[in-house]
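# Secondary and tertiary structure notes
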Amino acid sequence: MKTQEDAGGLFAPERVAVVGATDREGSIGRAIVDNLGDFDGEVVAVNPGRDEVLGYTCYPDLGEAPAVDLAVVVVPPSIVVDAVRDAGEAGVRNVVVITAGFSETGGEGADRERELVEAAEEYDLNLVGPNSLGVLSTPTGLNATFGPSNALDGNLSFMSQSGAFITAVLDWANDQGIGFKDVASLGNKAVLGETDFMRAWGDDPETNVILGYLEGIDDGREFIDAAREVTTETPAVVVKSGRTEAGAQAASSHTGTIAGSEAAYEAGFQQAGVVRAENVQELFDFARALDGLPMPDSENVAVVTNAGGPGVMATDAVGDSRLSMASFQDETLDALDESLPDEANVYNPVDVIGDAELDRFRSAIDTVLADDNVGCALVLSAPTAVIDYAELGEAVVDLQAEHDKPVVTCLMGGERTDRAAGVLREAGIPNYFDPARAIGSLDALAVQREVQARDYQAPTEFDVDREAAREILEDAADRGATRLGVEAMDLLDAYGIPTPEGDVVDDPADARWVANDIEGDVVMKIVSPDILHKSDIGGVKVGVSDEDVADAYEDLVTRAKNYQPDATILGVQVQEMVDVDAGTETILGMNRDPQFGPLLLFGLGGIFVEILEDTSVRVAPVSDREAGEMIDDLDSAPLLRGARGRDPADEAAITESIQRLSQLVTDFPAILELDVNPLLATGDGATALDVRLTIDPEEL
């Protein structure tokens, strides 16, 4: 969808046509016409074999029908494309194709879907589906789906790749009192997909939260860019199913092995500002909090409870989140100490103990919410004979409004919670049975708070030698190479990533010349795209003096040929010897994800990348801030910052190297995988000591 006006035609049409309308019992065409019975606008039936359908005048085609804003197509697969072309000819802009039998069914269906896309492009249609449940919008009573129930009114807009999931969610949400503004079943996403609806609902003032159930994203980079603009104002919560490492199965590098498809989605959602939910329960837990509560001023949470055990559970949940238990001001502690019994606990979590009646609970909640150190709060209660949940719910509503801080409740119990939950729901305050769910919802608010505070930066454009880099890649492609090693070190030089002094030579005499120009002893490595683990075959020599360089050259070549007689030997690298003990070995790499493109990885290098797997991932290109966050994300970041007497690394040099590699892999889609391992981080810079990459010559 190109504009909110276009979205309006899809979700707020004045006249809707059902192409394939019928009164046949059990048919989808009849179900859709039935569901449109409460639509505020006009319904038009289209079927050349009927004069009337369920009381609606029936037209043979859209060309003879009154002009419509939305056409819902539910005809056999073989004539869907013709029906969509008829819609285009009739001036219809918005089309929903319910019919299945397209790319989800194999080759013939995929061909049919390509024709459908061509027709949509020819007539510039906003097309949902095919294989869609349909769309609905509660403000106008539009239910252009074949689902069994309509949605309640609300301010959540929900998209799903699974139509069955929508029917289940709507049925459940109706029981929970959760309402929606718009709902869209994406189907096969032949034309409109998740990015289009993200943009449309981001422009919609009546949508407070965007929800999604996604099995995949077609263009990850486009989704990130669109969602970044949207989520600074409108929260988005997504469940991504189909967790898989399929993207890493064919990977040959450390980066490719670690940064698989799931890592790409995790990084992409984080960069997009999308709140990730692990399951459907979390999706709606988070949605309720984001829909009804203000943003917290801080991540400090207070817990007020009448039950010690659940209070401990809440504290544990805080420890598992980005939240922190608030430290109360002295005035708060004094006030609590004065108002609570001696057996009570005035520190966080506040335990008003089991015999607390309403006034004691209310006083404690009021006191902690007044504390400037408290950003949000959980009111947690087990049922007792002295507390009326409905009264407690009303007190929470009043105090939340008075202090304007996010408050969630956990009123534990069964039917006795119903009235209170209804009172709280009307005020936008979610109630949960499980303390961990309540804390998780406050954590989602904290995530959104951070998203809204972000200052998105454009990636730095460094002055690089793009042509030199292209020549290196094209030379490799010309000799039929798809895997490159240290012979490609000049690729890093071309993009300003520091490397040790040295060169690759194919003659012992040239090796001596290179060594003579390097101060001190040198490191020598066999250069062969067919030998990946050089150390394992004795293909690396360290501390070679000038007079031993020629012999070392011959020995390295002999070892390589004995190990793998058919290996292509490009020569030997003669390189300045670097003291790896003077810094920290890190890894900087990239794996190209099918959906998100170049996926950057940074972490501890050397053997640690395999043992600890303490790495962080971002989708390229990255800004200076995002590159810095890749360091912050590491559990081992203190090692880079001088922990236990170590010399701190030059973080500015590391972040610059990350950005320069980001620019390189963005500029050259032919680079499929790349490892700089190790990137030696010292107090005065970062130096790439080794490189390995895989290329696709077809992309050059």
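Residue numbers restart at each chain and count upward from 1, following the sequence in its written direction. This being a predicted model, a pLDDT of at least 70 is required before a residue's local features are given, and a value of 80 or more before pairs of side-chain atoms are given or counted; all residues contribute to the totals for chains, interfaces and linings. The basis for every side-chain value is the complete set of heavy atoms in the structure, and neither hydrogens nor water enter the calculation.

## A short note on the overall build of the protein
Here a strand is any run of E in DSSP of at least two residues, a helix any run of H or I of at least four, and the numbering for each starts at the N terminus. Counting its secondary structure elements, the protein contains 24 helices and 30 strands. In this scheme, a residue with accessible area under 20% of its type's maximum is buried, one over 50% is exposed, and one in between is partly exposed, where area comes from a 1.4 Å probe on protein chains only. In the protein, which comprises 700 residues, the proportion classed as buried is 56%. Contacts are assigned to residue pairs that have any heavy atoms within 4.5 Å of one another. In the protein, of all internal contacts separated by at least 6 residues, the share reaching a separation of at least 24 is 72%. Only the protein chains shown count as covering a residue, and every accessible area follows the Shrake-Rupley method with a 1.4 Å probe. Put simply, the protein shows about 28,300 Å² of open surface, and 43% of that area lies on carbon and sulfur atoms.

## Focus on the sheet that holds strand E5 (residues 70-73)
One open sheet accounts for seven strands, arranged E3-E4-E2-E1-E5-E6-E7; its pairing is mixed. Strand pairing shows two members of the sheet lacking a second neighbour, strand E3 (52-53) and strand E7 (126-128), which therefore form its edges. Two strands are counted as paired when DSSP detects at least two bridges linking them. Alignment of strand E1 (residues 15-19) against strand E2 (residues 42-46), held across five bridges, turns out to be parallel. Bridging from a neighbouring strand, valine 16 pairs with valine 43 of E2. Running at roughly 165° to E1, helix H2 (residues 28-35) makes contact with E1, E3, strand E4 (56-59) and E5 of the sheet. Fitted lines through C-alpha atoms serve as axes, helices being fitted only where they are in contact, and the angles separating the N-to-C directions of these axes extend from 0 to 180 degrees.

## Some remarks on the confidence of the model for the protein
Each residue carries a pLDDT score, the predictor's own confidence in it, on a scale running from 0 to 100. Summing up the model confidence of the protein, the mean pLDDT is 93 and the portion of residues at 70 or higher is 95%. Confidence over residues 246-260 falls short of pLDDT 50; this stretch has 40 contacts with residues more than four positions distant or in other chains.

## Points about the pattern of salt bridges
A pair is scored as a salt bridge if a Lys or Arg side-chain nitrogen falls within 4 Å of a carboxyl oxygen belonging to Asp or Glu. Scanning all chains against the criterion turns up 33 salt bridges. Ionic pairing is found between aspartate 124 and arginine 93, a salt bridge with its closest N-O pair at 3.9 Å. Note that aspartate 124 is positioned in the loop between helix H4 (107-123) and E7 and arginine 93 in the loop between helix H3 (80-89) and strand E6 (94-97), a separation of 31 residues in sequence. Owing to a relative accessible area of 34%, aspartate 124 belongs among the partly exposed residues under this scheme. The class of arginine 93 is partly exposed, set by a relative accessible area of 31%. The partner of arginine 360 in a salt bridge is aspartate 355, with the nearest N and O atoms 2.7 Å apart. Given a relative accessible area of 15%, arginine 360 falls into the buried group. Members of the salt-bridge network, linked through shared partners, are Arg618, Arg625, Glu629 and Asp633.

## A word on the packing of helix H14 (residues 389-403) against helix H15 (residues 418-426)
Closest axis-to-axis distance for the H14/H15 pair is 7 Å, and the angle between their directions is 15°. Considered as vectors, H14 and H15 are oriented roughly parallel to each other. Like other packed secondary-structure pairs, H14 and H15 cross with a definite hand, here right-handed. Together, Tyr389, Ala390, Gly393, Glu394, Val396 and Val397 of H14 and Arg419, Ala420, Val423 and Leu424 of H15 make up the contact between the two elements. Three categories are distinguished: nonpolar for Ala, Val, Leu, Ile, Met, Phe, Trp, Tyr, Cys and Pro, charged for Asp, Glu, Lys and Arg, and polar for the others, with Gly belonging to the last. Here the contact of H14 with H15 is composed, by residue class, of seven nonpolar, one polar and two charged. Comment on the angle field: the value is read as roughly parallel under 35 degrees, roughly antiparallel over 145, roughly perpendicular from 65 to 115, and oblique elsewhere. By the definition used in this description, the sense in which the near helix is turned from the far one sets the handedness, with an anticlockwise turn below a right angle giving left-handed and a clockwise turn giving right-handed.

## Describing the packing of aromatic side chains
Two rings belonging to Phe, Tyr or Trp (six-membered ring only in the last case) form a pair when the distance between their centres is within 6.5 Å. Interplanar angles under 30 degrees mark stacking, angles over 60 mark edge-to-face geometry, and anything in between is tilted. This model, assessed by the stated rule, comprises 13 aromatic pairs. Ring geometry for phenylalanine 223 against phenylalanine 269: centres 6.1 Å apart, planes inclined by 75°, an arrangement best described as edge-to-face. In this pair, phenylalanine 223 is assigned in helix H7 (residues 220-231) and phenylalanine 269 in helix H9 (residues 261-272), connecting sequence segments 46 residues apart. Phenylalanine 269 sits in the buried class, given a relative accessible area of 1%. Measuring from centroid to centroid gives 5.0 Å for tyrosine 265 and phenylalanine 596, while their planes differ by 85°, and the two rings are edge-to-face. Note that tyrosine 265 is positioned in helix H9 and phenylalanine 596 in the loop between strand E25 (584-593) and strand E26 (597-604), a separation of 331 residues in sequence.

## Some thoughts on empty space enclosed by the protein
Residues are called lining when one of their atoms sits within 4 Å of a cavity or pocket point, these points coming from a 1 Å grid over the protein atoms alone, where a cavity is a set in which a 1.4 Å probe fits but cannot get out and a pocket is an open set with protein on both sides within 12 Å along at least five of seven lines. Grid points are joined across faces, edges and corners, and a volume is the space filled by probe spheres set on the points. On inspection of all chains with the given rule, the structure shows one cavity of 30 Å³ or more. Elements with a contribution of two residues or more to the lining of the largest cavity: strand E20 (483-484) and strand E30 (691-695). Counting residues per element, the lining of the largest cavity draws most heavily on E30, which supplies three residues. Looking at the lining of the largest cavity, its residues break down into six nonpolar, two polar and three charged.

## A few points about the sheet that holds strand E13 (residues 236-240)
Spatially, the seven strands line up as an open sheet ordered E9-E8-E11-E10-E12-E13-E14, and their pairing is mixed. If you trace the sheet from one side to the other, it starts and ends with strand E9 (142-145) and strand E14 (275-277), each paired once. Across the sheet, the axes of successive neighbouring strands diverge by a mean angle of 25°, strand direction being ignored. Across the sheet, helix H5 (residues 163-176) is in contact with strand E8 (134-137), strand E10 (152-160), strand E11 (179-185) and strand E12 (209-214); its angle to E11 comes to roughly 170°. Sitting on the sheet, H9 is in contact with E13 and E14, with an inclination near 140° to E14.

## Notes on the state of the cysteines
The term disulfide is used for any two cysteine sulfur atoms that are within 2.5 Å. Going through the model one piece at a time under the given rule, you end up with zero disulfides. Here cysteine 376 stays free of any disulfide, with the sulfur of cysteine 410 as its closest cysteine sulfur at 15 Å.

## Things to note about the environment of leucine 152
Along the chain, leucine 152 falls in strand E10. Beyond its immediate chain neighbours, meaning those up to four positions away, leucine 152 contacts Thr138, Ala173, Asn174, Gly177, Ile178, Gly179 and Phe180.

## Re unusual backbone geometry
Of note, the bond from asparagine 348 into proline 349 is cis; its omega dihedral lies within 30 degrees of zero at 5°. Structurally, proline 349 can be placed in the loop between helix H12 (330-339) and strand E17 (350-351). Cis rather than trans, the peptide bond between asparagine 677 and proline 678 has omega equal to 10°. Inspection of the secondary structure puts proline 678 in strand E28 (residues 671-682). Positioned with a positive phi, asparagine 131 is a non-glycine residue whose angle comes to about 60°. In this fold, asparagine 131 is placed in the loop between E7 and E8. Asparagine 131 gets classed as partly exposed once you look at its relative accessible area, which sits at 31%. Although it is not a glycine, isoleucine 353 sits at a positive phi angle of roughly 65°. Along the chain, the position of isoleucine 353 falls in the loop between E17 and helix H13 (358-369). Given the relative accessible area of 15%, isoleucine 353 is considered buried.

## Considerations on helix H19 (residues 508-516)
For H19, the full list of buried residues reads Pro508, Ala511, Val514 and Ala515. All buried residues of H19 lie within an arc of 115° about the axis, which places them on one face of the element. Against the buried residues of H19 lie strand E21 (502-505), strand E22 (522-527), helix H20 (549-563) and strand E24 (571-576). N-capping of H19 is provided by aspartate 507, with a side-chain oxygen placed 2.8 Å from the backbone N of alanine 509. Arc definition: directions from the helix axis to the C-beta atoms. Polar contact is the term for a pair of N or O atoms within 3.5 Å; when the atoms are in protein, one must be able to donate a hydrogen and the other to accept it, and sequence-neighboring residues count only if both atoms are side-chain atoms.

## Things to note about a negative patch on the surface
Residues with no salt bridge and a relative accessible area higher than 30% make up the patches, which join like charges within 9 Å and nonpolar side chains (Val, Leu, Ile, Met, Phe, Trp, Tyr) within 5 Å. Positive residues here are Lys and Arg, negative ones are Asp and Glu, while His and the chain termini are left out of the count. To locate a charge, the coordinates of NZ of Lys, CZ of Arg, CG of Asp or CD of Glu are taken. Taken together, the side chains of Asp490, Asp493, Asp503, Asp506, Asp507, Asp510, Asp521, Asp546, Glu547, Asp548, Asp551 and Glu554 define an acidic patch exposed on the protein surface. Of all the elements in the fold, those that place two or more residues in the negative patch are helix H18 (489-494) and H20. Mapping aspartate 506 onto the fold places it in the loop between E21 and H19.

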